[in-house]
Amino acid sequence: MKIPFLDLTAPHQELKTELSNAFERVLNSGWYIHGEEVRLFEKEFATYCNAQHCIGVGNGLDALHLILRAYGFGNGDEIIVPSNTFIATWLAVSQSGATPVPVEPDERTYNINPSLIEAAITPRTKAIIAVHLYGQPADMDPIIALAKKYKLKVIEDAAQAHGAYYKGKRTGSLGDAAGFSFYPGKNLGALGDGGAVTTNDAELAEKIRALSNYGSQLKYHHDVKGLNSRLDELQAALLREKLTRLDEWNARRKLIAHQYLTAFSDTGLVLPYVPEWADPVWHLFVIRSPQRDQLQAQLSTAGINTVIHYPVPPHRQAAYSELNYNQGTFPVSEKIHNEVLSLPMGPHLNKLQLATIIEELIAAAHV
Ligand SMILES: *Cc1c(COP(=O)(O)O)cnc(C)c1O
């Protein structure tokens, strides 16, 4: 039996009629950019996140970049980012002209460690980007308290956390603004690229709308040098259908996560840790072991596909060689990157697949 890391056909088979109807709606509308579907998706997703505004954009990287641009952050500014994240968080900062200033994670949650942030703040610091990594919310209250003290903006990178709760509040409504990705493999995924910004700041929302549309509020009149980064009608129509299933599919992920947690409790593997205030959406189920590569190889022999999120931390990527962060600069992140392994996880992982993964991983861990 071959078990894929994530089955992207199954959700679309389940929703085939709805998605086909959505496609027909757009096909017949004759309107493919900035129309009714995007307007309705923005309204529905804002409601889902309990945020006042949502702006559909081209992808998750652009969502974060547009937030920074709209705030006017750029050259000479510093933005605090987790050292342990997908590189897009850093790239959004670099594209704005600002410098990413990394802060190490809490080794248990993998999210930015709030107690290390203050030491990284300088007079040039403008914002903190908190990433809700693997679908688990970052510890926002201490981050927001620091931001108040130093007059910084708090930006959520919610690309992996559609629908997660922090102390009963939805991600996307926790900071000043949030960036979401609808890359196909995310919990809410399009059938192509897509992204969104959510915020309660009406002025910021207006700026992002203009910036993402050539810097224009009135057609052919351009106030700023914007970009073209839009969610299109077709992706919006498809996302509207998938949004109706998001809670149900997240609930199925949670059930699988709890079965994994129970099954692996005696294996000696480092398992995901969920603080009592977090209600994660299990974008990924990530275990840790110093024997990670062997485990991955053994699972692969058994036909089980796993992925490493991520093999190389941003500060050790060639793209960031100019920052001169040597090996050992961010040891917690480096250790995490050397040990993590993501098991198959998704709403369409079936009982037999789950039982097989559990059996094979327990066998591999005991060697
Ligand atoms: C996927 C992802 C992004 C980027 O989203 P894209 O839509 O692929 O541009 C940013 N941050 C994190 C944490 C992500 O997982």
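The structure we're discussing is the one just above.
Predicted model, so just to flag it, every value in this text is computed and none were measured.

Analysis parameters
Residues numbered from 1 in each chain as written. Predicted model: local features only at pLDDT ≥ 70, side-chain atom pairs only at ≥ 80, totals over all residues. Heavy atoms only, no water. Near = heavy atom within 4 Å. Polar contact = N/O pair within 3.5 Å; in protein donor to acceptor, adjacent residues only side chain to side chain. 1 Å grid on protein atoms, 1.4 Å probe; cavity = no way out; pocket = protein on both sides within 12 Å on 5 of 7 lines; lining within 4 Å. Sits in = over half its atoms within 2 Å of the grid points. Salt bridge = Lys/Arg side-chain N within 4 Å of Asp/Glu carboxyl O. Helix = DSSP H or I, 4+ residues; strand = E, 2+ residues; numbered from the N terminus. Buried < 20%, exposed > 50% of the residue type's maximum accessible area, 1.4 Å probe, protein only. Axes fitted to C-alpha atoms, helices over the stretch in contact; angles between N-to-C directions. Left-handed = near helix turned anticlockwise from the far one by under 90°. Contact = heavy atoms within 4.5 Å. Nonpolar A, V, L, I, M, F, W, Y, C, P; charged D, E, K, R; others polar. Arc of directions from axis to C-beta.

Undergrad: In this structure, what is going on with the site of the ligand? I would like to understand it.
TA: With respect to spatial proximity, the complete set of residues near the ligand consists of Asn59, Gly60, Leu61, Phe86, Ala88, Val131, Asp157, Ala159, Gln160, Ser181 and Lys186. Separating an oxygen atom of the ligand from a backbone N or O atom of Leu61 is a distance of 2.9 Å. Between the ligand and Asp157, the relevant distance is 2.8 Å, taken from a nitrogen atom to a side-chain nitrogen or oxygen of the residue. More than half of the atoms belonging to the ligand lie within 2 Å of the grid points that define the largest pocket.

Undergrad: I'm lost on the pattern of salt bridges in this one. Help?
TA: Opposite charge on two side chains permits pairing when their charged atoms draw close. Evaluated as defined, the whole model comprises 21 salt bridges. The partner of Arg245 in a salt bridge is Glu18, with the nearest N and O atoms 3.3 Å apart. A residue pair is termed long-range when its members are at least 10 positions apart, and Arg245 in the loop between helix H8 (233–243) and helix H9 (246–263) and Glu18 in helix H2 (residues 16–29) qualify at 227 residues. A residue is classified by how much of its surface remains accessible, and Glu18, at 26% relative accessible area, is partly exposed. A salt bridge links Glu339 to Arg288; the shortest N-O distance between them is 3.2 Å. Residue Glu339 is found in helix H11 (residues 331–339), and its partner Arg288 is found in strand S13 (residues 285–288); the two are separated by 51 residues along the sequence.

Undergrad: Sorry, what's going on with the packing of helix H3 (residues 36–49) against H8 here?
TA: The angle between the axes and the distance between the axes are what describe a pair of packed helices. For the pair H3 and H8, the least separation of the axes is 8 Å and the interaxial angle reads 35 degrees. Once H3 is placed against H8, the crossing between them reads as left-handed. Only Glu233, Ala236, Ala237, Leu239, Arg240 and Leu243 of H8 make contact with H3, whose side of the interface consists of Glu36, Glu37, Val38, Leu40, Phe41, Glu44, Phe45 and Tyr48. Among the residues making up the contact of H3 with H8, the classes are represented as nine nonpolar, no polar and five charged.

Undergrad: Help me understand the environment of Arg108 in this model?
TA: Position of Arg108 relative to the elements: it lies in the loop between strand S3 (99–103) and strand S4 (125–131). Each C-alpha atom, one on Arg108 and one on Val270, is 8.9 Å from the other, the two residues being 162 residues apart in sequence. Of note is the side chain of Arg108, whose polar atom sits 3.4 Å from the side chain of Tyr273.

Undergrad: Quick question: what am I supposed to make of helix H6 (residues 140–150) here?
TA: An α-helical turn contains 3.6 residues, so a residue and the one three or four places further along point in the same direction. Residues of H6 that are buried: Met140, Ile143, Leu146 and Ala147. Across the axial projection of H6, the buried residues extend over an arc of 130 degrees, all falling on one side. Exposed positions of H6 whose direction lies more than 90 degrees from the buried face are Lys148 and Lys149. Considering only its buried residues, H6 is in contact with S4, strand S5 (153–157) and strand S6 (165–166). Note on H6: the residue one or two positions beyond its end, Lys151, has a positive phi of about 55 degrees.

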